[in-house]
Amino acid sequence: MRIQIINGPNLNLLGKREPTIYGKTSFDGYLEILKKEFPDVFIDYFQSNIEGELIDKIHEVGFSYDGIILNAGAYTHTSIALYDAIKAVDTPVIEVHLSNIQARESFRHVSMIAAACKGSIAGFGMDSYRLAMEAFLNK
Ligand code: DQA
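Bear in mind that the values here come from a model prediction, so they are computed numbers and not experimental data.

**Regarding the packing of aromatic side chains**
And step 1. Summed over all chains, the structure comprises four aromatic pairs.
And step 2. Taking the centre distance of 5.9 Å and the plane angle of 55° together, the rings of F27 and Y30 count as tilted. Of this pair, F27 and Y30 both sit in helix α2 (residues 27-37), separated by three residues, roughly a single helical turn. Each member of the pair, F27 as well as Y30, is classed as buried.
And step 3. Between the NZ or CZ atom of K57 and the centre of the ring of F46, over which it lies, the distance is 5.0 Å.

**Observations concerning the nonpolar core**
And step 1. Ranked by size, the top nonpolar core spans 22 residues in total, and within it I5, F27, L34, I43, I69, Y129 and M133 carry the most contacts.
And step 2. For this core, the elements supplying multiple residues, two or more each, are β1 (2-7), α2, β4 (93-97) and α5 (127-137).

**Here we look at the site of the ligand**
And step 1. The ligand sits among R17, Y22, N71, G73, A74, H77, H97, L98, S99, I101 and R108.
And step 2. Contact between the ligand and N71: an oxygen atom at 2.8 Å from a side-chain N or O atom of the residue.
And step 3. In the environment of the ligand, an oxygen atom lies 2.8 Å from a nitrogen or oxygen atom belonging to the backbone of L98.
And step 4. Here the ligand, which alone exposes 320 Å², has 99% of that area covered by the protein.
And step 5. Of the residues contributing to the shell around the ligand, the split by class is four nonpolar, five polar and two charged.

**Description of the side chain of S128**
And step 1. Tracing the backbone shows S128 in helix α5.
And step 2. On the basis of relative accessibility, which here comes to 0%, the residue S128 falls in the buried class.
And step 3. Here the side chain of S128 touches H97 through a polar contact of 2.9 Å, landing on its backbone oxygen.
And step 4. Apart from residues lying up to four places away in sequence, S128 is in contact with V96, H97, L98, I121, A122 and G123.

**So, the sheet that holds strand β2 (residues 42-47)**
And step 1. Pairing is parallel in the open sheet, where five strands are placed in the order β2-β1-β3-β4-β5. Across the chains shown, the open sheet's two edge strands, defined by having one partner strand only, are β2 and β5 (119-122). Averaged over all adjacent pairs, the angle separating strand axes in this sheet is 20°, with direction ignored.
And step 2. Pairing of β1 with strand β3 (residues 67-71) involves five bridges; the strand directions are parallel.

**Observations concerning the packing of α2 against α5**
And step 1. The interhelical angle for the contact between α2 and α5, taken along N-to-C directions, is 30°, at an axis separation of 10 Å. Considered as vectors, α2 and α5 are oriented roughly parallel to each other. As α2 packs across α5, the resulting crossing turns out to be right-handed. When α2 is examined against α5, the residues F27, Y30, L34 and E37 are found in contact with a partner set consisting of D127, Y129, R130 and M133.
And step 2. When the residues that make up the contact of α2 with α5 are grouped by side-chain class, the tally is five nonpolar, no polar and three charged.

**Quick word on the pattern of salt bridges**
And step 1. Taken as a whole and judged by the stated rule, the model has six salt bridges.
And step 2. Between R104 and E105 there is a salt bridge, and its shortest N-O distance comes to 3.8 Å.
And step 3. Classification of R104 by relative accessible area gives buried; the value is 18%.
And step 4. The class of E105 is partly exposed, set by a relative accessible area of 35%.
And step 5. One salt bridge in this structure joins R130 and D127, with 2.6 Å as the shortest N-O distance.

Rules behind the numbers
- Throughout, a residue's number is its position along its own chain's written sequence, starting from 1.
- For this predicted model, a pLDDT threshold of at least 70 governs which residues receive local features, and a threshold of 80 or more governs which side-chain atom pairs are given and counted, while totals over whole chains, interfaces and linings are taken from all residues.
- Where side-chain values are given, they derive from all heavy atoms of the structure, hydrogens and water being excluded.
- Any two of the Phe, Tyr and Trp rings considered here, Trp counted by its six-membered ring, make a pair once their centres fall within 6.5 Å; the pair's planes then place it as stacked at under 30 degrees, edge-to-face at over 60, or tilted in between.
- For the purposes of this entry, the term helix denotes a DSSP run of H or I that reaches at least four residues, the term strand denotes a run of E that reaches at least two, and both are numbered from the N terminus.
- Only protein chains enter the accessibility calculation, which uses a 1.4 Å probe; a residue whose area is less than 20% of its type maximum is buried, one above 50% is exposed, and one in between is partly exposed.
- Any Lys NZ or Arg CZ that is within 6 Å of a ring centre and within 35 degrees of that ring's normal is treated as a charge sitting over the ring.
- Residues belong to one nonpolar core when they are buried, are Ala, Val, Leu, Ile, Met, Phe, Trp, Tyr or Cys, and are joined through side-chain atoms within 4.5 Å.
- The nearness test applies per residue and asks whether one of its heavy atoms lies within 4 Å of the molecule or strand.
- Any pair of N or O atoms that falls within 3.5 Å is considered a polar contact. Within protein, one atom must be able to donate a hydrogen and the other to accept it, and sequence-neighbouring residues count only if both atoms are side-chain atoms.
- For accessible areas, the Shrake-Rupley method is used with a probe of radius 1.4 Å. Any residue's cover is judged against the shown protein chains and nothing else.
- Only Asp, Glu, Lys and Arg are considered charged in this grouping, and only Ala, Val, Leu, Ile, Met, Phe, Trp, Tyr, Cys and Pro are considered nonpolar; every other residue, Gly among them, is considered polar.
- Pairs of residues are marked as contacts when any of their non-hydrogen atoms sit within 4.5 Å.
- Two strands are counted as paired when DSSP detects at least two bridges linking them.
- Axis definition: a line fitted to C-alpha atoms, limited for helices to the stretch in contact. Angles are taken between N-to-C directions and run from 0 to 180 degrees.
- Note on angle classes: values under 35 degrees are labelled roughly parallel, values over 145 roughly antiparallel, values of 65 to 115 roughly perpendicular, and the remainder oblique.
- Handedness of each helix crossing follows the sense of rotation of the near helix against the far helix: counterclockwise by less than a right angle gives left-handed, clockwise gives right-handed.
- Salt bridge, as used here: a side-chain nitrogen of Lys or Arg that lies within 4 Å of a carboxyl oxygen of Asp or Glu.

This is the structure in C-alpha cells:
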C-alpha cells in the first residue's frame, strides 16, 4: 500500500508555529513515529507553500497511489483549484486538520475541498494523520 501525505502552506513550521494550537512536534519527527506504526505501508511525504505545487503532486500520485492524506492548510478555505484536482484523480483523498476548524474563526468553517474528499478528520492534533491512515487501511 502506498500513501502520500501532502501538507500545505505554513505546515513546514509545525513545532514552532502557534504551538498552543498546532503543538510542539515537528512534522518530520511525527513522520518517523507514523512510519514505525505502519511498517507495511509505504508512506511518502510532500510539503509546499505553493498552491500549484500541491496540485502538481496530487496529479503525480493520483493515478497510482492507494490514498492521499491532505492537510491543505489555509488553501482548504479558498482553493477551488484543489477541489478540482482532487476530483480529477482516481486516488481517494482524506482531508485532515490538526485543529478543529469548526471551533475556530468563522472563515475556517468552510472547506472548499471537503466535498471532493472521501472524508475529513479534524481536531486531533498530529493523531489526525494516524486516524486517516487507519481509515485507508480499514477500507
Ligand atoms: C489547519 C487549519 C487551517 O485553517 C489553517 O489555515 C492551517 C492549519 C490545521 O491543520 O488545523 O494552516 O489546516
